[in-house]
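An overview of the molecular structure
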Amino acid sequence: MKNTMIGVDLAKRVFQLHGATMAGEVKFRKKLSRDQFRAFMAAQPAALVVFEACGSASYWAREMEALGHEVRLIAPQYVRPFVKRQKNDAADAEAIVIAARQPEMRFVAPKTADQQAKAVLFRGRERLVHQRTELVNALRAVLYEYGHVFPVGFCHMKRIAAVVEAPGSDLPALVIAECRDLLAQIAEKTERIDAKTKTLKALAAETDTALRLQTMPGVGPLTTLAVDAFAPDMAQFKSGRDFAAWLGLVPRQHSSGGKERLGRMTKAGQTDIRRLLIIGAMSRMNWLGQRSIVEGSWLSRMLTRKPKMLVAIALANKMARQIWAMLTKNEDYKDPALATA
């Protein structure tokens, strides 16, 4: 029976520890270097170790579990209210322990090394996409200075390249050289994005879970990999509604006195999965996706009454709940409209 709780304020070099009994009696306060921390925890009897969920928290969680400790992670926003007066490392470590003692506290599941590796690859592709978008916008801005206007979007790159390479172009030689350099950088980024996309799709085809999720309309390889890399075990959520709320796909509440006041979407959740689910939902709204919508279904009725973006967010919420059900029940996608038809 673990009777000691150790709150650790993580950093790059100096770690602040706050040890206390489960009843709250302080046992020690220590400031240790990285090597000292590892040696100190190895010498400690099995305890409950609590970290804030930060960049290195999952790594240290795996290290502490290997030493025989039980580990829990807390979101920083749940620790902040328990910091007493001035903020410093010692106060943060104490606040972590106080927050972890709350019976209703919610904890974050540590990520495995495999999950973190997939997340790194996923975020690497996202970073390249952002860099390419920046280069495309820079190229459009240069051409706009000389009267050539192009819409937003990577799909117009062929038109842009044709203007730059056109014989007898009205662009100065220096501008043409700069535009060619930007085009070369964009092509290099595109090649790297395609290579990473191919790797991600191959990873998404390796597991039965990923293949099962792709049976749902609007869910592709990138969405399934994002769920695998960023989402915790679905057993941690009591229902699909909890998973949708974790993603930030629910309205913000300002309710009081028994009167419900619902606002805009909270966006207080996992950004990558939420964005991909909304993109997947929007794909159901285009001219090709609407062909698969059953007449008289919930989605069909919503499209006749509400704006497309609002319907897409509502559909993304429903998709999140269906993902939870598919993963907890180990079932393929079942279209509700066809089931009730």
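Higher on the page you've got the structure.
Rules and cut-offs
- Residues numbered from 1 in each chain as written.
- Predicted model: local features only at pLDDT ≥ 70, side-chain atom pairs only at ≥ 80, totals over all residues.
- Heavy atoms only, no water.
- Phe/Tyr/Trp six-rings, centres within 6.5 Å; stacked < 30°, edge-to-face > 60°.
- Helix = DSSP H or I, 4+ residues; strand = E, 2+ residues; numbered from the N terminus.
- Buried < 20%, exposed > 50% of the residue type's maximum accessible area, 1.4 Å probe, protein only.
- Lys NZ or Arg CZ within 6 Å of the ring centre and 35° of its normal.
- Polar contact = N/O pair within 3.5 Å; in protein donor to acceptor, adjacent residues only side chain to side chain.
- Pairing = 2+ DSSP bridges.
- Right-handed = clockwise from strand over helix to strand, strands pointing away.
- Contact = heavy atoms within 4.5 Å.
- Salt bridge = Lys/Arg side-chain N within 4 Å of Asp/Glu carboxyl O.
- 1 Å grid on protein atoms, 1.4 Å probe; cavity = no way out; pocket = protein on both sides within 12 Å on 5 of 7 lines; lining within 4 Å.
- Points joined across faces, edges and corners; volume = space filled by probe spheres on them.
- Core = buried A, V, L, I, M, F, W, Y, C linked by side-chain atoms within 4.5 Å.

**As for the packing of aromatic side chains**
Evaluation of the coordinates by the stated rule reveals nine aromatic pairs. For the pair Phe122 and Phe230, a centre-to-centre distance of 5.5 Å together with 80 degrees between the ring planes defines the contact as edge-to-face. One end of the pair, Phe122, is in helix α5 (residues 113-144); the other, Phe230, is in helix α9 (residues 221-230), and 108 residues separate them in sequence. The two residues Phe122 and Phe230 agree in class, both being buried. Note that Arg72 overlies the ring of Phe107, its terminal NZ or CZ placed 5.0 Å from the centroid. One cation-aromatic arrangement involves Arg132 over Phe154; the distance from NZ or CZ to the ring centre is 3.9 Å.

**Examining the environment of Thr328**
Relative to the elements of secondary structure, Thr328 occurs in helix α13 (residues 308-329). Take Thr328: its relative accessible area is 33%, and that puts it in the partly exposed class. Each C-alpha atom of the pair Thr328 and Lys84 lies 41 Å from the other, and the pair is 244 residues apart in sequence. At 2.8 Å, the side chain of Thr328 forms a polar contact with the backbone oxygen of Trp324. Separated by 3.2 Å, the side chain of Thr328 and the backbone oxygen of Ala325 make a polar contact.

**Comments concerning the pairing of strand β5 (residues 70-74)**
Here strand β4 (residues 48-52) pairs with β5 via five bridges, running parallel. Directly across from Phe51, in β5, lies its bridge partner Leu73. The parallel pair β4 and β5, bridged by helix α2 (residues 57-66), forms a crossover whose chirality is right-handed.

**Some thoughts on α9**
The buried fraction of α9 amounts to eight of the ten residues, a majority that puts the element mostly inside the structure. Residues Leu222, Thr223, Thr224, Leu225, Ala226, Val227, Ala229 and Phe230 constitute the buried set of α9. Where α9 is buried, its residues contact α5, α7 (173-204), α8 (208-213), α10 (240-247), α11 (271-283) and α13.

**Notes on the environment of Thr304**
With respect to the helices and strands, the residue Thr304 is situated in helix α12 (residues 298-305). Residue class for Thr304 comes out exposed when judged on its relative accessible area of 66%. A polar side-chain atom of Thr304 sits 2.6 Å from the main-chain carbonyl oxygen of Arg301.

**Side note on the pattern of salt bridges**
Here the structure, examined in full by the defined rule, presents 13 salt bridges. Note that Arg192 is salt-bridged to Glu188, the shortest N-O span being 3.4 Å. With Arg192 and Glu188 both in helix α7, this residue pair falls four residues apart, about one helical turn. Between Asp332 and Arg212 there is a salt bridge, and its shortest N-O distance comes to 3.7 Å. With Asp332 in the loop between α13 and α14 (336-340) and Arg212 in helix α8, this pair connects stretches of sequence that are 120 residues apart. Under the relative-accessibility criterion, Asp332 is labelled partly exposed at 46%.

**A short note on the pairing of β4**
Counting buried positions along β4 gives four out of five residues, so the element sits mostly inside the fold. Two strands pair when backbone bridges link them, and strand β1 (residues 4-9) and β4 are joined in this way by four bridges, in the parallel orientation. Within the sheet, the bridge partner assigned to Val8 lies in β4 and is Phe51.

**Thoughts on the layout of surface pockets**
In this structure, the largest pocket encloses a volume near 1,500 Å³. In this structure, the largest pocket is lined by 38 residues; those nearest its centre are Ala75, Phe107, Val108, Ala109 and Trp246. Elements with a minimum of two residues in the lining of the largest pocket: α2, β5, α3 (76-79), α5 and α10. When residues of the lining of the largest pocket are assigned to their parent elements, the largest contribution, five residues, is made by α5.

**With respect to the nonpolar core**
In terms of nonpolar packing, the biggest core is built from 37 residues, with Met234, Phe243, Leu249, Ile273, Leu277 and Ile323 touching the most fellow members. Breaking this core down by element, the ones donating at least two residues are α5, α9, α10, α11, α12 and α13. For this core, the element with the highest residue contribution is α13, accounting for ten residues. When near neighbours in sequence (up to four residues on either side) are disregarded, Met234 contacts Val227, Phe243, Ile323, Trp324, Leu327 and Thr328. Residues Phe37, Ala57, Met64 and Leu73 belong to the second largest nonpolar core, which totals 19 residues.

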